[in-house]
Amino acid sequence: MATVSSSPWPNPNTPPSDSDSHHRGDDAEPLDSFSSMTLTSSEDPNHNSDQIQTPSSPPATPPPSLLHLSFNQDHACFAVGTSRGFRILNCDPFREIFRRDFDRGGGVAVVEMLFRCNILAIVGGGPDPQYPPSKVMIWDDHQSRCIGELSFRSDVRSVRLRRDRIVVVLEQKIFVYNFVDLKLMHQIETIANPKGLCAVSQGAGGSMVLVCPGLQKGQVRIEHYASKRTKFVMAHDSRIACFALTQDGGLLATASSKGTLVRVFNTVDGTLRQEVRRGADRAEIYSLAFSSSAEWLAVSSDKGTVHVFGLKVNSGSQVKDTPRIAAELTRSSSSPSSSLSLFKGVLPKYFSSEWSVAQFRLVEGTQYIVAFGHQKNTVVILGMDGSFYRCQFDPVNGGEMSQLEYHNCLKPPSVF
């Protein structure tokens, strides 16, 4: 059972504006306004471990090691956890918004953003963790300190945030809390989940859909909180390695530990809507991501290639819309599966598989996560070596993506 402590903090239910700077109540401010904030011991004598260095201080030691990477809910920003603290960066244009480097310890293994709010969820990690790995610290960057915490009996694997909920993932259990008062709302038992796999919907005004591993190998559990329904789907024969939800929670993409196939399911009835093939050989899938319109699906793996697949259905309709149909017809002559479509049912399933439309090749062996950019037909790729790529793909002709920009997010802010 978790224990909870907190101090007064802003109401997260205030909906964001359409601009880049989302607000949460009277105390919430856009992240951009905190880039020069510092905390001294006279301001908060009881939080010595939370003291931070000024961003302008010259680094006295080598660059920190990278422990964590994650996009925020709309993929406009991303969070970096390091051996000395954490950083928040903007994707387009690429720039560091702020960083917090702690005086003592500093290792941060999880940083979960809430869109562009000043509220973050932080979990300590690395060889010298800033906070115990069994605690979720609620950080308010407006005050530059922790304003609440959730304590557990085992290490926290991941955290997911919505404006109304905090979801904490342990090795074999998931806790769902009300955001405003940290009241426990739901507990879920799962199969061993060392990666902390969990996804929650983020659609504006929609009720939460939560996806997590089930109690069997290859099974996913889908929780629909509006209808109070639970759906179990046997997605794969092998262990679930990765999954992703559309923003509205209508579609779910899954990959197994084999890493050859990615399957797309309807979350309401659990039906398989589409199956695409990453490759023929085994691979570890690092991330899956839907485009905002559920028109495309991106996949990254340890093979060093990011793939983009065209989806035949999206969560709002049963068939492709007119532009997608036109693009599909144009592309059909060069599609890797089209020339063998007449032999379906005769040749092995491999030969009639749906292959990726576009690809981008990276360093094999480095862990990358991927998301779709806000500019049309662009993909953002983050690497655990600190690399940042923004690429563009041709939705009609496909093929190799073109690289638009490259940066390293571990460099000091003066180089941005």
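Parameters at a glance
- Residues numbered from 1 in each chain as written.
- Predicted model: local features only at pLDDT ≥ 70, side-chain atom pairs only at ≥ 80, totals over all residues.
- Heavy atoms only, no water.
- Helix = DSSP H or I, 4+ residues; strand = E, 2+ residues; numbered from the N terminus.
- Contact = heavy atoms within 4.5 Å.
- Buried < 20%, exposed > 50% of the residue type's maximum accessible area, 1.4 Å probe, protein only.
- Pairing = 2+ DSSP bridges.
- Salt bridge = Lys/Arg side-chain N within 4 Å of Asp/Glu carboxyl O.
- Core = buried A, V, L, I, M, F, W, Y, C linked by side-chain atoms within 4.5 Å.
- Axes fitted to C-alpha atoms, helices over the stretch in contact; angles between N-to-C directions.
- pLDDT = per-residue confidence, 0-100.
- Disulfide = S-S within 2.5 Å.
- Phe/Tyr/Trp six-rings, centres within 6.5 Å; stacked < 30°, edge-to-face > 60°.
- Lys NZ or Arg CZ within 6 Å of the ring centre and 35° of its normal.

Novice: Just to check I follow, could you spell out the overall build of the chain for this structure?
Specialist: Across its full length, the chain holds one helix and 30 strands. Sequence-distant contacts, at least 24 apart, represent 46% of the contacts inside the chain between residues at least 6 apart.

Novice: When you look at the pairing of strand β11 (residues 165-169) in this model, what are you seeing that I'm missing?
Specialist: Put simply, side chains in a regular strand alternate between the two faces of the sheet. Burial runs high along β11: four of the five residues are buried. Sheet topology note: the strand β10 (residues 158-161)/β11 ladder contains four bridges and is antiparallel. When the sheet's bridge partners are listed, Leu161 is paired in β11 with Ile166. Linkage of β10 to β11, two consecutive antiparallel strands, is achieved through a turn of three residues. Inspection of the sheet shows β11 paired to strand β12 (residues 173-178) by five bridges, in the antiparallel sense. Pairing of Val167 across the sheet is with Val176, part of β12.

Novice: Mind showing me how you'd approach the pattern of salt bridges here?
Specialist: Under the criterion given, the structure shown has 13 salt bridges. Taking the shortest distance from any N to any O, the salt bridge between Arg99 and Asp101 comes out at 4.0 Å. In this pair, the class of Arg99 matches that of Asp101, namely buried. Of the charged contacts in the structure, one is a salt bridge between Arg221 and Glu223, with a shortest N-O distance of 2.6 Å.

Novice: What am I meant to see in unusual backbone geometry here?
Specialist: Residues apart from glycine generally show negative phi values, whereas peptide bonds are mostly found in trans. Of note, the amide linkage connecting Asp92 to Pro93 takes the cis form, showing an omega dihedral of 5°. Mapped onto the fold, Pro93 is located in the loop between β4 (85-90) and β5 (95-101). A positive phi is found at Phe115, a non-glycine position, where the angle reads about 50°. Following the sequence through the fold, Phe115 ends up in the loop between β6 (108-113) and β7 (119-124). You can call Phe115 buried: its relative accessible area is 6%.

Novice: Help me out: how do you make sense of the nonpolar core in this one?
Specialist: Across soluble globular proteins, nonpolar side chains show a tendency to be buried alongside one another. If you look at the biggest cluster of nonpolar residues, it comprises 22 residues, and the most contacted ones within it are Val136, Leu150, Phe152, Val156, Val159, Ile166 and Val168. Breaking this core down by element, the ones donating at least two residues are β7, β8 (135-140), β9 (145-151), β10, β11 and β12. With three residues, the top contributor of residues to this core is β7.

Novice: Looking at this structure, how should I read the sheet that holds strand β13 (residues 184-189)?
Specialist: Pairing between sheet strands relies on hydrogen bonds along the backbone, with the strands arranged either parallel or antiparallel. Reading across from one edge, β10-β11-β12-β13 is the order of the four strands in this open sheet, with antiparallel pairing throughout. One side of each edge strand has no neighbouring strand; the edge strands of this open sheet are β10 and β13. Going across the sheet, the axis of each strand differs from the next one's by a mean of 15°, ignoring polarity.

Novice: I tried to follow the environment of Ala241 on my own but got confused; where do I start?
Specialist: Checked against the element boundaries, Ala241 lands in strand β18 (residues 240-245). On the basis of relative accessible area, Ala241 is assigned to the buried category, the value being 4%. Ignoring any residue separated from it by four or fewer positions in sequence, one finds Ala241 in contact with Lys195, Leu197, Ala255, Ser256, Ser257 and Ile285.

Novice: What exactly am I supposed to notice about the pairing of strand β27 (residues 378-383) here?
Specialist: Taking burial as the measure, the six residues of β27 include six buried ones, the bulk of the element. Side chains Thr378, Val380 and Leu382 project from β27 onto one buried face, and the interleaved Val379, Ile381 and Gly383 project onto a second face that is buried too. Bridge count for strand β26 (residues 368-372) against β27 is five bridges, and the pairing is antiparallel. Paired with Tyr368 across the strands is Gly383, a residue of β27. Note that β27 and strand β28 (residues 387-392) share five bridges and pair antiparallel. Bridge pairing in β28 places Leu382 opposite Phe388. Two successive antiparallel strands, β27 and β28, enclose a turn made up of three residues, where Gly386 displays a positive phi of approximately 90°.

Novice: Got a minute to help me understand the confidence of the model for the chain in this structure?
Specialist: Close reading of the predicted structure is inappropriate where its pLDDT is low. Confidence along the chain averages 79 in pLDDT terms, with 74% of residues attaining 70 or more. This model gives residues 315-344 a pLDDT under 50, and the stretch forms 34 contacts once residues within four places in sequence are excluded.

Novice: Please clarify how the state of the cysteines should be interpreted in this entry.
Specialist: Each disulfide is one covalent bond, formed between the sulfur atoms of two cysteines. Counted according to the given criterion, the structure contains zero disulfides. In this model Cys77 remains outside any disulfide bridge; the closest cysteine sulfur is found in Cys91, 6.5 Å from its own. Exposure remark for Cys77: the relative accessible area of 0% places this residue in the buried category.

Novice: How should I be thinking about the side chain of Asn193 in this particular structure?
Specialist: Note on placement: Asn193 falls in the loop between β13 and β14 (199-200). For Asn193, a relative accessible area of 2% translates into the label buried. Other than its neighbours up to four places away in sequence, Asn193 contacts Arg157, Val169, Leu170, Glu171 and Pro213.

Novice: Would you mind going over the side chain of His307 with me for this structure?
Specialist: As for its placement among the helices and strands, His307 is situated in strand β24 (residues 305-310). The class for His307 is buried, based on a relative accessible area of 10%. Apart from the residues within four sequence positions on either side, His307 is in contact with Arg278, Leu297, Ala298, Val299, Ser356, Ala358 and Gln359.

Novice: I would appreciate a short explanation of the packing of aromatic side chains in the present structure.
Specialist: For the structure on display, the rule yields 16 aromatic pairs. What links up through ring pairs into an aromatic cluster is the set Phe86, Phe98, Phe102, Tyr131 and Trp139. In this structure, Arg163 is placed above the aromatic ring of Phe115, and the distance from its NZ or CZ to the ring centre is 3.8 Å.

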